[in-house]
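A closer look at the structure
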Amino acid sequence: SSFIWSSPAVFDGNVYIGLASVGDCPLIGGKVFEIGPRRGIVSHVFDTTPTGCSGAGVWGSVTVDVQRQRLYFATGNANSCGKRTLGESIVELQAGSLALVGSWTVPLTQQFWDTDFGSTPTLFTAHTAKGDIPMVGVVNKNGIYYAFRRDDLGAGPVWQLKIGVGGSRPDLGTGD
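Just so it is clear, the structure is predicted and the values come from calculations on it, not from any experiment.

As a further point, take the sheet that holds strand 6 (residues 63–65). Ordered by their spatial adjacency, four strands build an open sheet running 6-7-8-9, and the pairing between neighbours is antiparallel. Looking at strand neighbours, the two that pair on one side only are strand 6 and strand 9 (100–105), the edges of this open sheet. Strand after strand, the sheet turns through a mean of 20 degrees between neighbouring axes, direction not considered. Two strands pair when backbone bridges link them, and strand 6 and strand 7 (residues 70–74) are joined in this way by three bridges, in the antiparallel orientation. Following the sheet pairing, Thr63 is matched in strand 7 by Tyr72.

Below you can see the structure in the form of C-alpha cells.
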C-alpha cells in the first residue's frame, strides 16, 4: 500500500527518498528515508505523522540545499490525527540526521478538496536591493505557488502567486 513516487536525491554519500501511499488506498503515513548507497542500509527515517496516523505522504522528490546541508520536501493530504501531522506542508530537515528544522502548512482558508502538494520544491535566489536572498518555492494543487526564505521557512511565504485554478471536486466530475 506504499510507493516511492519520486526520484531520489543524492547528497554527501546518502540517498534521500520519500514514501507515500498508492492512490490513498489505504492512506499511509508519509516518510523520508536516508539510505547509505553502498549497502542500502537505512540510516535515518523521518515520519511526517505520529505513529498510528496516516497522510502527509511524500510523493515529490526531496530537494537538497548543499551549502546549508538542508533538505526540503512537500507533503500530501493530512487525513488522520488532524494538526498533529505535517500534511499539506513544506518541510525542512537537516541532512545527515533528518532532524526537523522547520515547516509551514497551507492555511485552512486556502485548502479545499484535495489541495495537497504533489510537487518538488525548487531552490532559487531572489536578487533585491538589499542583497541576495536564498529562497525555496513550491506549487500546491490549490493553484498557488508559495515562495519562502530558506533561513526562515516557518515564518511563511514571502510571496505567493495564484498560477492556476487548482484543486479537484469529485462532485463536479473533476479529478487530480
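Anyway, onward from the coordinates.
This part takes up the nonpolar core. In terms of nonpolar packing, the biggest core is built from 15 residues, with Tyr16, Phe46, Val62, Leu71, Phe73 and Leu93 touching the most fellow members. Where this core is concerned, the elements lending two or more residues are strand 2 (9–11), strand 7 and strand 8 (89–94). Here Leu93 is in contact with Phe46, Gln69, Arg70, Leu71, Phe73, Leu98, Ala99, Leu100 and Val101, once residues within four sequence places are set aside. The next biggest cluster of nonpolar side chains, apart from the first, holds twelve residues, and it includes Ile90, Val106, Phe148 and Leu153.

Where charged atoms of side chains with opposite charge meet at close range, the side chains can pair. Summed over all chains, the structure comprises six salt bridges. Put simply, Asp116 and Lys141 hold a salt bridge, and the shortest N to O gap is 3.0 Å. In this pair, Asp116 sits in the loop between strand 9 and strand 10 (122–128) while Lys141 sits in the loop between strand 11 (131–139) and strand 12 (144–149), placing the two residues 25 residues apart along the sequence. Its salt-bridge partner being Arg149, residue Asp151 comes within 3.3 Å of it at the nearest N-O pair. In this structure Arg149 comes out as partly exposed when scored by relative accessible area, which is 33%. Here the salt bridges do not stand alone but share partners, grouping Asp65, Arg68 and Arg150 into one network.

Turning our attention to the sheet that holds strand 11. Read across the open sheet, the four strands follow the order 10-11-12-13; overall the sheet is antiparallel. At either margin of the open sheet sits one strand with a lone partner, and together these are strand 10 and strand 13 (159–162). Between one strand axis and the next, the sheet turns by 30 degrees as a mean value, whatever way the strands run. In the sheet, strand 11 pairs with strand 12 via five bridges, with the strands oriented antiparallel. Its bridge partner being in strand 12, Val136 is matched across the sheet by Phe148.

Our next topic: the pairing of strand 3 (residues 14–21). Counting buried positions over the eight residues of strand 3 gives eight, a clear majority of the element. Side chains Asn14, Tyr16, Gly18 and Ala20 project from strand 3 onto one buried face, and the interleaved Val15, Ile17, Leu19 and Ser21 project onto a second face that is buried too. One ladder, built from two bridges, connects strand 1 (residues 2–3) with strand 3; its direction is antiparallel. Residue pairing for strand 3: Phe3 is matched across the bridge by Ala20. Taken together, the three bridges between strand 2 and strand 3 define a ladder with antiparallel strand orientation. Across the sheet, residue Val10 finds its bridge partner in strand 3, namely Val15. Linkage of strand 2 to strand 3, two consecutive antiparallel strands, is achieved through a turn of two residues, within which Asp12 is found at a positive phi near 50 degrees.

How each quantity is defined
- Residues numbered from 1 in each chain as written.
- Predicted model: local features only at pLDDT ≥ 70, side-chain atom pairs only at ≥ 80, totals over all residues.
- Heavy atoms only, no water.
- Pairing = 2+ DSSP bridges.
- Helix = DSSP H or I, 4+ residues; strand = E, 2+ residues; numbered from the N terminus.
- Axes fitted to C-alpha atoms, helices over the stretch in contact; angles between N-to-C directions.
- Core = buried A, V, L, I, M, F, W, Y, C linked by side-chain atoms within 4.5 Å.
- Buried < 20%, exposed > 50% of the residue type's maximum accessible area, 1.4 Å probe, protein only.
- Contact = heavy atoms within 4.5 Å.
- Salt bridge = Lys/Arg side-chain N within 4 Å of Asp/Glu carboxyl O.

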